[in-house]
Amino acid sequence: MKTTDLIKDSLNHSSWRRGFLQDASETEDFESEPKIVKFVVVTERKESHAKKEELMSFEAVMLPHLDAAHNLAKWLLRNEQDAQDVVQEAFLRAFKSFGGFHGSNGRAWLLTIVRNTSYTLLKKNRVANLMTPFDEEIHASADESVSAATILERSEDANLIREAMDELPAALREILTLRHQEDLSYKEIADIAQIPAGTVMSRLARARGKLKERLAARIGKKK
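I will try to describe carefully the structure that is included in this document. (Residues numbered from 1 in each chain as written. Predicted model: local features only at pLDDT ≥ 70, side-chain atom pairs only at ≥ 80, totals over all residues. Heavy atoms only, no water.)

## Observations regarding unusual backbone geometry
Backbone phi values are negative for most residues with the exception of glycine, while trans is the configuration of most peptide bonds. Positive phi is not limited to glycine here, since Arg 78 has a value of about 60 degrees. Along the chain, Arg 78 falls in the loop between α4 (66–77) and α5 (80–96). Positive phi is not limited to glycine here, since Asp 183 has a value of about 55 degrees. By the secondary structure assignment, Asp 183 is in the loop between α9 (170–181) and α10 (186–193). (Helix = DSSP H or I, 4+ residues; strand = E, 2+ residues; numbered from the N terminus.)

The following block contains the structure:
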């Protein structure tokens, strides 16, 4: 089953839907107060219709960002099954909180949930490189940054890039994915990662430099 189908199936079988079906069934079997029963059933049906509309609205706004959600989870977790599980969990969390979403940037909002869900799993599994320290004050030179970005965006050797990125700490994989694969702005990345915009810039420079080092080392081994 595709990830999209799994998410839709999970949403269709969420607790509010099961609770409604049970309550409606019990209400319709109650016959001693027909007027009250009719009112309650109509109310329940209206609520069901509203929930269906909410689900349709959620799918229209959020499902277009499924690929971006999966891409971020995959690069953070480095495991396809974990990535699918996290995306499914993130979509369920997003649906439950959708009533409070009033912004215009659904992708950034969803990716924030995906990011937080991914880090929760990483911490649970105690991934060694999750907290690998790196100096935010270290900046790559302008030439190094451009070279690394060009390699990441245009290189035809996808396997080489994947292997090099897999060696980076989660925070660096995250920033490269959001900037160079999802093409998010510094402000969007700052909102998602919950860090200042200045930190986004310094971390991105650091990530580019480290990626270039890993790529150079791998290319040197192949010569």
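Next comes the rest of the write-up.
## What about the packing of aromatic side chains?
Enumeration according to the criterion identifies five aromatic pairs in this entry. Ring centres of Phe 58 and Phe 98 lie 5.2 Å apart, and the angle between their planes is 85 degrees; this geometry places the pair in the edge-to-face category. Of this pair, Phe 58 sits in helix α3 (residues 34–62) while Phe 98 sits in the loop between α5 and α6 (106–125); the two residues are 40 residues apart in sequence, bridging distant segments of the chain. Given a relative accessible area of 10%, Phe 98 falls into the buried group. (Phe/Tyr/Trp six-rings, centres within 6.5 Å; stacked < 30°, edge-to-face > 60°. Buried < 20%, exposed > 50% of the residue type's maximum accessible area, 1.4 Å probe, protein only.)

## Describing the side chain of Glu 174
Mapped onto the elements of the fold, Glu 174 is located in helix α9. Apart from the residues lying within four places of it in its own chain, the contact partners of Glu 174 are Leu 72, Leu 76, Arg 115, Tyr 119 and Ala 193. (Contact = heavy atoms within 4.5 Å.)

## Re helix α8 (residues 158–166)
Listed as buried for α8 are Leu 160, Ile 161, Ala 164 and Met 165. Buried residues along α8 cover an arc of 125 degrees about the axis, so they all sit on one side. (Arc of directions from axis to C-beta.)

## A short note on the pattern of salt bridges
Applying the stated criterion across every chain yields a total of eight salt bridges. Between Glu 182 and Arg 107 there is a salt bridge whose closest N-O contact spans 3.6 Å. One end of the pair, Glu 182, is in the loop between α9 and α10; the other, Arg 107, is in helix α6, and 75 residues separate them in sequence. Since its relative accessible area comes to 10%, Glu 182 is described here as buried. (Salt bridge = Lys/Arg side-chain N within 4 Å of Asp/Glu carboxyl O.)

## Re the nonpolar core
Phe 91, Leu 111, Val 114 and Leu 176 are the most contacted members of the largest nonpolar core, which totals 52 residues. Contributing elements (two or more residues each) for this core: α3, α4, α5, α6, α8, α9, α10 and α11 (197–222). When neighbours within four sequence positions are excluded, Val 114 is seen to be in contact with Ala 69, Leu 72, Ala 73, Val 86 and Ala 90. (Core = buried A, V, L, I, M, F, W, Y, C linked by side-chain atoms within 4.5 Å.)

## Re α5
In this model, α5 (17 residues) spans 25 Å end to end at C-alpha, consistent with the 24 Å of a helix rising 1.5 Å per residue. Every buried residue belonging to α5 is among Ala 83, Gln 84, Val 86, Val 87, Ala 90, Phe 91, Ala 94 and Phe 95, and all of these are buried. Sitting at the head of α5, Asn 79 places a side-chain oxygen 3.1 Å from the backbone nitrogen of Gln 81. (Expected span 1.5 Å × (residues − 1). Polar contact = N/O pair within 3.5 Å; in protein donor to acceptor, adjacent residues only side chain to side chain.)

## Quick notes on the packing of α4 against α6
Two elements in contact, α4 and α6, have axes whose closest approach is 9 Å; the angle formed by their N-to-C orientations is 25 degrees. Taken together, the axes of α4 and α6 are roughly parallel relative to one another. Handedness of the α4/α6 crossing: right-handed. Taken together, the residues of α6 that come into contact with α4 (itself represented by Ala 68, Ala 69, Leu 72, Ala 73, Leu 76 and Leu 77) are Arg 107, Leu 110, Leu 111, Val 114, Arg 115, Ser 118, Tyr 119, Leu 121 and Leu 122. The class makeup of the residues in the contact of α4 with α6 is 12 nonpolar, one polar and two charged. (Axes fitted to C-alpha atoms, helices over the stretch in contact; angles between N-to-C directions. Parallel < 35°, antiparallel > 145°, perpendicular 65-115°, else oblique. Left-handed = near helix turned anticlockwise from the far one by under 90°. Nonpolar A, V, L, I, M, F, W, Y, C, P; charged D, E, K, R; others polar.)

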